[in-house]
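# Descriptive structure summary
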Amino acid sequence: MSQLRTKGKSTVVWILMGLMVLGLGGFGITSFSGGTTEVGSVGETKITADEYARALQAEMRAFSQQTGQPVTMAQAQQIGLPQVVQSQLIAGAALAEQAREIGVSVGDAKVAETILQADAFRGPNGNFDRTAYAEILRRERLTEAEFEASVRRDEARMLLQRAVAGGVAAPSPMVDQTARWLLETRDFSWRELVEGDLPAEVTEPDEATLRAWHEANGDRFTAPETRRISYAWVTPDMLSGEVQVDEAALRAVYDQNIDQFQKPERRLVSRLVFPNQAEAEAARAAIEAGEQPFEYYVVQRGLSLDDVDLGEVTEAQLGAAGEEAFALEQPGVIGPVQTDLGPALFAVNAILDPVDIPFKEAREDLRGEAALSRAARQIQDRAGDYEDLLAGGATLEDLAEETELEMGQVDWTADLAAEEGSIAGYEAFRERAAAISATDFPQLFELADGGVFALRLDEVVPPTLIPFEEVRDEVLADWRKAELQRQLLELAAEQRLAAVAETAPVTREQTPTGANGVVRNPAPEAGEAEDEAADQPEPVGAAAEPDWTTETGVARSDWMDGLPPQLLTQAFALAEPGEVEVVDAGDRVFLVRLDGINDADLSQDEASQILDGVRARLNQSLQADVFDYYARHVQRNASVDVNQQAINAINAQVQ
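Counting restarts for each chain: residues are numbered from 1 in the order of the written sequence. Owing to the predicted nature of the model, reporting of local features is limited to residues with pLDDT of at least 70; listing and counting of side-chain atom pairs is limited to 80 or more, with chain, interface and lining totals taken over all residues. To obtain the side-chain values, all non-hydrogen atoms of the structure were used and water was disregarded.

Before going further, it helps to spend a moment on the sheet that holds strand E19 (residues 640–642). In space, the three strands of this open sheet follow the order E2-E1-E19, with antiparallel pairing throughout. Two strands close off the open sheet at either side, each with one partner strand: strand E2 (45–48) and E19. Strand-to-strand twist of the sheet, defined as the mean angle between neighbouring strand axes without regard to direction, takes the value 15°. Of the strand pairs in this sheet, strand E1 (residues 38–42) and E2 are connected by four bridges, and their pairing is antiparallel. Two strands qualify as a pair provided that DSSP identifies no fewer than 2 bridges between them. Only DSSP runs of H or I covering at least 4 residues are called helices, and only runs of E covering at least 2 are called strands; the numbering of each starts at the N terminus. Axis lines are fitted through C-alpha atoms, for helices just across the contact stretch, and the angle between N-to-C directions can take any value from 0 to 180 degrees.

What counts as a salt bridge is simple: a side-chain nitrogen of Lys or Arg found within 4 Å of a carboxyl oxygen of Asp or Glu. Per the stated rule, a full pass over the model turns up 29 salt bridges. One salt bridge connects Arg130 with Glu144, and the closest N-O pair in it is separated by 2.8 Å. With Arg130 in helix H6 (residues 130–139) and Glu144 in helix H7 (residues 144–165), this residue pair connects regions lying 14 residues apart in the sequence. Notably, a salt bridge pairs Asp595 with Arg593, separated by 2.9 Å at the nearest N-O pair.

This part covers unusual backbone geometry. For the peptide bond that leads from Gly335 to Pro336, omega is 5°, which places it in the cis range. Looking at the secondary structure, you find Pro336 in strand E9 (residues 332–339).

Moving on to the nonpolar core. Put simply, buried Ala, Val, Leu, Ile, Met, Phe, Trp, Tyr and Cys residues joined by side-chain atoms within 4.5 Å make one nonpolar core. Under the scheme applied here, a residue whose accessible area is under 20% of the maximum for its type counts as buried, over 50% as exposed, and between as partly exposed, the area being computed with a 1.4 Å probe on protein chains only. Ranked by internal contacts, the top residues of the largest apolar core, which has 30 residues, are Val39, Tyr52, Leu56, Met60 and Ile650. Where this core is concerned, the elements lending two or more residues are E1, helix H2 (49–67), helix H3 (73–78), helix H4 (81–102), H7, helix H24 (605–637) and helix H25 (644–653). A per-element tally of this core places H4 first, with seven residues. Counting 18 residues, the second largest nonpolar core, distinct from the first, contains Phe468, Trp479, Leu484 and Leu491.

The next thing to look at is the packing of aromatic side chains. Each Phe, Tyr or Trp ring (for Trp, its six-membered ring) is paired with any other whose centre lies within 6.5 Å, and the angle between the two planes then decides the class: stacked below 30 degrees, edge-to-face above 60, tilted in between. Following the criterion strictly, the structure yields 14 aromatic pairs and no others. With a centroid separation of 5.8 Å and an interplanar angle of 85°, the aromatic rings of Phe121 and Phe147 are classed as edge-to-face. Placement of Phe121 in the loop between helix H5 (108–117) and H6 and of Phe147 in helix H7 is noted, with a sequence separation of 26 residues between them. Here Phe121 and Phe147 have matching classes, each one buried. Taken together, the aromatic side chains of Tyr231, Trp233, Tyr426, Phe429, Phe445 and Phe453 make up a single cluster linked through ring pairs. Sitting above the plane of the Phe326 ring, Arg267 keeps its charged end 4.4 Å from the centroid. Remark: a charge is flagged as sitting over a ring if the NZ atom of Lys or the CZ atom of Arg is within 6 Å of the ring centre and within 35 degrees of the ring normal.

Along the chain, Asp197 turns up in the loop between strand E3 (185–193) and helix H9 (207–216). Charged residues are defined narrowly, with Lys and Arg counted positive, Asp and Glu counted negative, and His plus the chain ends left uncounted. Buried charged residue Asp197 carries no salt bridge. Nearest counter-charge: Arg191, at 7.6 Å. Polar contact is defined as a pair of N or O atoms within 3.5 Å, subject to the rule that within protein one atom must be able to donate a hydrogen and the other to accept it, and that residues adjacent in sequence are counted only when both atoms are side-chain atoms. Separated by 2.9 Å, the side chain of Asp197 and the backbone nitrogen of Val194 make a polar contact.

Looking now at the confidence of the model for the protein chain. Interpretation of the predicted coordinates at a detailed level should be avoided for regions scoring low in pLDDT. What pLDDT expresses is the predictor's confidence in each residue, scored from 0 to 100. For the protein chain, the average pLDDT comes to 82, and 87% of its residues sit at 70 or higher. Per-element averaging of pLDDT across the protein chain places helix H1 (residues 11–22) at the bottom with 42 and strand E17 (residues 580–584) at the top with 96. Should any heavy atoms of two residues lie within 4.5 Å, those residues are considered in contact. Confidence drops under a pLDDT of 50 for residues 1–36, and excluding neighbours within four residues, the segment shows 96 contacts in the predicted structure. Below a pLDDT of 50 lies the segment residues 536–545, which in the model reaches 17 contacts outside its immediate sequence neighbourhood of four places, other chains included.

As structure tokens, this is what we get:
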């Protein structure tokens, strides 16, 4: 059972803050007997129906915000949100009961302080608003006495938590070891094996091999679940050609937005103000000489390019600098120019030509926008009629026959690539297509552009293995990719042995085995080198072996551009310099060799910041664990009673 971990503020106040902002209407929550019905208890501490409903509401809202999509009660039950809420409430009640039994409580002053500091109850002036306080409690069906008692219990729980875990701190050796692990850097070398390194080309498989591959890897060649959907829809674009637009109205829109059609010549300009004329002149001279760019002086002043950006300006808007800036035929720097802020340099970053679009040229675009807008209004005006038809039992075919809506069918899958202009390109349709069931009656839904649609699920085709003949080319490509990876991994394993032998000290008594079982002899005596070298066979792939690429001072958090993360992970998994390992990156194969381990210097300023962060994180983790054990112990020894019938009744009312 999960435990309650408070964060330093009253849980009840946080819940009310969320409910005040989000409201309860979205989930259809209704009255739950004024909070008198119990859904559970721990000893003498009760959990009311309203407490459960509010907590469930908050959890569902939080999940919706995380996923960016509304969550229904059915979905919430599938992912276990009601169980999470019940566990949290029972854990909180167990701690409250423990606080009650040992006599831990807080005074009226602390309760008042918590309520007065809650943002939910602040008025327009930022201070506590008595009217807002009363209104929110009334809306949540809580009396002031009930709410203040819940705040008191919450504060007592937090007092108990601080007493149990507040003094727990991570040992210094643990902090240092973690920081050293984080800040350690490594020197390593790597090389990638590619198809050209293989001693022979990958041979083409026979038909039997391909068929066996198709059968053994059927999940890669299976069509996803397909939902055959009929729909009726209409969009503003469908009706825009039939809409009549008044010429005078178009002229009025043109005049109202004249700034979009008539613009003087403009410049994109940055302005950097200097403390005095001498510094400004020196900077201008250095820029003209090519010694430093304009941006150098921006950074030198502790500013960013956004800080000095004036944006798109006209000659008049530049004032005293306007004439000189607009005399430039190419981007450049002018000044110093005396401004109200002091001497300044102006960097002209781009030259924008004037815009002159007469009404005749703009008319068609304006007409299209006006027609779409008017068509959207027509659809909204007629939406009630469409809904009435559906409510009266009309089918989608009836709707298309009697109204402007058009019929269509689509074989919809979760990864369907929608064609341009297709209804499947609308997010609203995709959401409904994924959720609709065969028993749902057609309803009217809105599209983002002002259109509407209704849909019906005709059939669900389960995932089906695509016949071999239809995907033979894909099967061949998949087999070849896997076979190439297999052979590269085998070659990498052979070359790894050779690389390990090369890095090991070799004596006359040692005869390490190299790649492909070839014996690597120690260095020959003088005069024997040529004969002995001629007798040695070449290891497989050795002729095409590329050089190692060496990286130095690489940290765990670094990003190696163009290389898979598995390479860096493996480099830090090697224990001793000289070790070599194969890296299987899925579709690429590497060898990585550890050259050196560079211990972290904890005396550096950067290390100090890391140490502080590690210490805080470990302290928090240890305190949470200690309190977790304590909370579990309290729950095991408490008398917990759950009214599942009441919980089910509440769940049934949450839409």
